Amino acid sequence: MISQHTLKAQIALVQHHIVLKKGIPLDLKVLKSYNISVAAEGMHRLRFLSKSPDGQLFATDMHSLADNKAGKIYLFEDWDSATKAFKTTTVFADGLHNPNQVMFYNDKGINYIYIAETDKLSRYIYHNGDKGLKGNGQVLARFPDRGLSYKYGGWHLTRSLAQHNGKIYVSVGSSCNACVEKKEDVRAMVLEMNPDGTGQKVYASGIRNAVAIKWAGNKLWGTCMGRDLLGADKPEDLFGTIEQGKNYGWPWYFQYQQKIYPDVAMMDSAKYQHIKVPAAPPLAYCGFKAHSAPLGFDQFTNFNDPLLKGNFLVALHGSTTVKRQRGNAVVLVAGKDKYVDIVSGFLVGTADKDRLGRPCDVMMNDVNSFYITDDKNGVLYYVWK
């Protein structure tokens, strides 16, 4: 396992000047010997990426920070190898309720596109070359949809998807920062179901909000943001494996510097309400600085660069409080709490005006390139060696 010192010694970032069509200049720092281009722009809150069976690139767009039904799915077409950009951006679907992710899956010989919205998981038959949704689709599962803020009674409105060994997995975040969930029994957990939505059951619980989940080999990995209001440095945001049947501690415990601590306020609440608290959770593979906000990630299997090959790249969305100077970069994770910037420059100061972008997802494209989404400016970036 590469050490943090060795890792940093191998990393050199080179500045690339980019000006977006809306007039925003960025000096993005990218791993030496790599280039970066704007592959598509003009969207709103561009979120998670997915490729269809016929190799087309899709992305979700949640439109705004509000609890809204103006979300879209985009299809990027007509790649220009000279400019390293897509000539055409097609609206594949619109009028969606905060779509965070789509996924393609072949069930009994039929290809489907699965769409994760705040309130439901649905699927539509997908044919190679489709430019839009066809038919009425099937609703496979329903989820709590009371919204983002206290006004609506809940916090986490994204739903994330994964697939493995004939099963579909959906992450549903908690309704609050730290509380005992009583009204909505599918909160703060990862659900498992059959491809047609039947057989739904809890795969793992005690997960405040796994914003992204993905199988790598035979292990389910996920990013998760820790609770707020415990200070600037605790708890850490996490990245690690999620195993069947385990409880990962929320809201009773949190992780900091490879140790698990009890959440004192919640433990007092449990004692007062006579609630049996689960055992302390296992340590996550990597702890990021508090409020880094890890979102999308990908394992760079068979990538044509020894530094990245086999490792995970994670998009750190960044703290809502800019002055904390946390996140706002794509990082390489190399072990227990060891990570280093691969793409940075989205944050250049301590004021809100100094945040020029927020990485949301990162996805390996081929052995020499990858994509990054920015949900602040609605931009798709292409990085190639």
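The model shown is predicted, which means the values in this text are computed figures rather than measured ones.

Colleague: Looking at this structure, I do not really get the environment of Leu-307. What am I missing?
Modeller: Of note, Leu-307 is situated in the loop between strand S22 (294-299) and strand S23 (312-316). In this structure the C-alpha to C-alpha distance between Leu-307 and Tyr-256, which are 51 residues apart in sequence, comes to 27 Å. Contacts of Leu-307, omitting those with residues within four sequence positions, involve Leu-7, Gln-10, Ile-11, Leu-31 and Leu-332.

Colleague: Would you mind showing me how to read the nonpolar core here?
Modeller: The nonpolar side chains of a soluble globular protein tend to be buried, and buried together. Residues Leu-308, Leu-313, Ile-342, Val-343, Phe-370 and Tyr-381 are the most contacted members of the largest nonpolar core, which totals 31 residues. If one sorts the elements of this core by residue count, strand S2 (residues 25-31) sits on top with four residues. Sequence-distant contacts of Val-343, that is, excluding residues within four places in its chain, are made with Lys-29, Val-30, Ile-36, Ala-329, Val-330, Phe-370 and Ile-372. Residues Val-211, Ala-212, Trp-221 and Cys-360 belong to the second largest nonpolar core, which totals 18 residues.

Colleague: Where do I start with the state of the cysteines in this structure?
Modeller: Defined simply, a disulfide is a covalent bond joining two cysteines at their sulfur atoms. Within this structure, the stated rule accounts for one disulfide. Linked covalently through their sulfurs, Cys-176 and Cys-179 form a disulfide whose S-S length is 1.9 Å. Across the disulfide from Cys-176 to Cys-179, rotation about the S-S bond amounts to roughly -85 degrees, and the bridge is consequently left-handed. As far as burial versus exposure is concerned, Cys-176 and Cys-179 are alike and both buried. Cysteine Cys-286 is unpaired, with the sulfur of Cys-224 as its nearest cysteine sulfur at 13 Å. Not part of a disulfide, Cys-360 finds its nearest cysteine sulfur in Cys-224, a span of 15 Å. Note on Cys-360: relative accessible area 0%, which makes it buried.

Colleague: Honestly, the pairing of strand S14 (residues 189-193) in this entry has me stumped. Any pointers?
Modeller: Where a strand is regular, its side chains alternate between the two sheet faces. The element S14 is largely enclosed, with a buried count of five among its five residues. Burial of the side chains of S14 extends over both faces: Met-189, Leu-191 and Met-193 are buried on one face and Val-190 and Glu-192 on the other. With five bridges connecting them, strand S13 (residues 167-172) and S14 associate as antiparallel partners. Within S14, the position partnered with Tyr-169 by the bridge is Glu-192. Taken together, the four bridges between S14 and strand S15 (residues 201-205) define a ladder with antiparallel strand orientation.

Colleague: What exactly am I supposed to notice about the environment of Lys-183 here?
Modeller: Inspection of the secondary structure assignment puts Lys-183 in the loop between S13 and S14. Placed 57 residues apart in sequence, Lys-183 and Tyr-126 show a C-alpha to C-alpha distance of 36 Å.

Colleague: Could you clarify how one ought to interpret the sheet that holds strand S8 (residues 101-107) in this entry?
Modeller: For sheets, the rule is that strands pair by backbone hydrogen bonds, running either parallel or antiparallel. Taken in spatial order, the four strands make up an open sheet running S8-S9-S10-S11, and their pairing is antiparallel. If you trace the sheet from one side to the other, it starts and ends with S8 and strand S11 (138-142), each paired once. Each adjacent strand pair in this sheet contributes to an overall mean axis angle of 25 degrees, direction not counted. In this structure, strand S9 (residues 110-116) lies alongside strand S10 (residues 120-125), joined through five bridges in antiparallel fashion. In the strand pairing of S10, Ile-115 is matched with Ser-122.

Colleague: Can you help me understand the sheet that holds strand S26 (residues 359-366) in this one?
Modeller: Across the sheet, which stays open at both edges, the four strands sit in the order S3-S28-S27-S26 with antiparallel pairing between neighbours. Edge positions in the open sheet fall to strand S3 (35-40) and S26, since each of these has one partner strand only. The mean angle between the axes of side-by-side strands here comes to 25 degrees, regardless of whether they run parallel or antiparallel.

Colleague: Help me understand the pattern of salt bridges, please; the structure alone is not making it clear to me.
Modeller: When their charged atoms lie close together, side chains carrying opposite charge are able to pair. Overall, the coordinates contain 16 salt bridges when judged by the stated rule. Where Lys-134 meets Asp-130, a salt bridge forms, and the shortest distance between an N and an O atom there is 3.2 Å. A salt bridge links Asp-298 to Lys-214; the nearest nitrogen and oxygen atoms lie 3.4 Å apart. Here the residue Asp-298 occupies a position in strand S22, and Lys-214 occupies one in strand S16 (residues 210-216), the gap between them amounting to 84 residues. The exposure class assigned to Lys-214 is partly exposed, which follows from its relative accessible area of 28%.

Colleague: Explanation requested: the packing of aromatic side chains in the structure shown.
Modeller: Any two aromatic rings considered together are summarised by their centre-to-centre distance and by the angle between their planes. Tallied over the full model, the rule gives 27 aromatic pairs. Measuring from ring centre to ring centre gives 4.8 Å for Phe-288 and Tyr-339, while their planes differ by 70 degrees; the resulting arrangement is edge-to-face. In this pair, Phe-288 is assigned in strand S21 (residues 286-288) and Tyr-339 in strand S25 (residues 338-344), connecting sequence segments 51 residues apart. Grouped by ring-pair contacts, the aromatic residues Phe-76, Trp-79, Phe-86, Tyr-371, Tyr-382 and Trp-384 constitute a single cluster. One Lys or Arg, Arg-123, reaches over the ring of Tyr-112 and ends 3.8 Å from the middle of that ring. The ring of Tyr-261 carries Lys-234 above its face, with NZ or CZ at 5.5 Å from the centroid.

Colleague: Is there a simple way to explain the layout of surface pockets in this structure?
Modeller: To find leftover empty space, a probe the size of one water molecule is rolled over the atoms. The computed volume of the largest pocket comes to approximately 1,000 Å³. What lines the largest pocket is a set of 37 residues, among which Leu-65, Met-225, His-317, Thr-320 and Arg-358 lie closest to the centre.

Colleague: Which parts of the structure should I look at to understand the side chain of Ser-122?
Modeller: Its place among the elements puts Ser-122 in strand S10. Ser-122 has contacts with Ile-113, Tyr-114, Ile-115, Glu-117, Gln-138, Val-139 and Leu-140, leaving out every residue within four places of it along the chain.

Colleague: How do you make sense of the pairing of strand S28 (residues 379-384) when you look at a structure like this?
Modeller: Burial within S28 is extensive, with six of its six residues counted as buried. As paired elements, S3 and S28 share five bridges and run antiparallel to each other. Residue pairing across strands places Asn-35 opposite Trp-384, the latter belonging to S28. As judged from the six bridges shared by strand S27 (residues 369-374) and S28, these two strands associate in the antiparallel manner. Looking at the pairing, Asp-374 lines up with Val-379 of S28. Adjacent in sequence and paired antiparallel, S27 and S28 are bridged by four residues, among which Gly-378 carries a positive phi angle near 65 degrees.

Calculation notes
Residue indices follow the written sequence of each chain, beginning from 1 at its first position. Whole-chain, interface and lining totals are the exception, using all residues; otherwise, since this is a predicted model, local features are given only for residues with pLDDT of at least 70 and side-chain atom pairs are given and counted only at 80 or more. To obtain the side-chain values, all non-hydrogen atoms of the structure were included, while hydrogens and water were left out. In this description a helix means any DSSP run of H or I spanning at least four residues, a strand means any run of E spanning at least two, and both kinds are numbered starting from the N terminus. For this analysis, residues touch if any pair of their heavy atoms sits within 4.5 Å. For this analysis, a nonpolar core means a set of buried residues of the types Ala, Val, Leu, Ile, Met, Phe, Trp, Tyr and Cys, connected via side-chain atoms within 4.5 Å. Only protein chains enter the accessibility calculation, which uses a 1.4 Å probe; a residue is then buried when its area is under 20% of its type maximum, exposed when over 50%, and partly exposed in between. Two cysteine sulfur atoms make up a disulfide if the distance between them is within 2.5 Å. Two strands make a pair as long as DSSP finds a minimum of two bridges between them. To define axes, lines are fitted to C-alpha atoms, for helices over the stretch in contact only, and angles between the resulting N-to-C directions are given on a 0 to 180 degree scale. We define a salt bridge as a contact between a side-chain nitrogen of Lys or Arg and a carboxyl oxygen of Asp or Glu at a distance within 4 Å. Ring pairs are drawn from Phe, Tyr and Trp, using the six-membered ring of Trp, whenever the two centres fall within 6.5 Å, and their geometry is named by plane angle: stacked under 30 degrees, edge-to-face over 60, tilted for the rest. Charge over a ring is defined by NZ of Lys or CZ of Arg lying within 6 Å of the ring centre and within 35 degrees of the ring normal. Within this scheme a cavity is a closed region of a 1 Å grid, computed over the protein atoms alone, that accommodates a 1.4 Å probe without allowing it to escape, whereas a pocket is open but has protein on both sides within 12 Å along at least five of seven lines; lining residues each have an atom within 4 Å of a point. Grid points are joined across faces, edges and corners, and a volume is the space filled by probe spheres set on the points.

Note that every value here comes from positions in space, so none of it alone points to a role or purpose.
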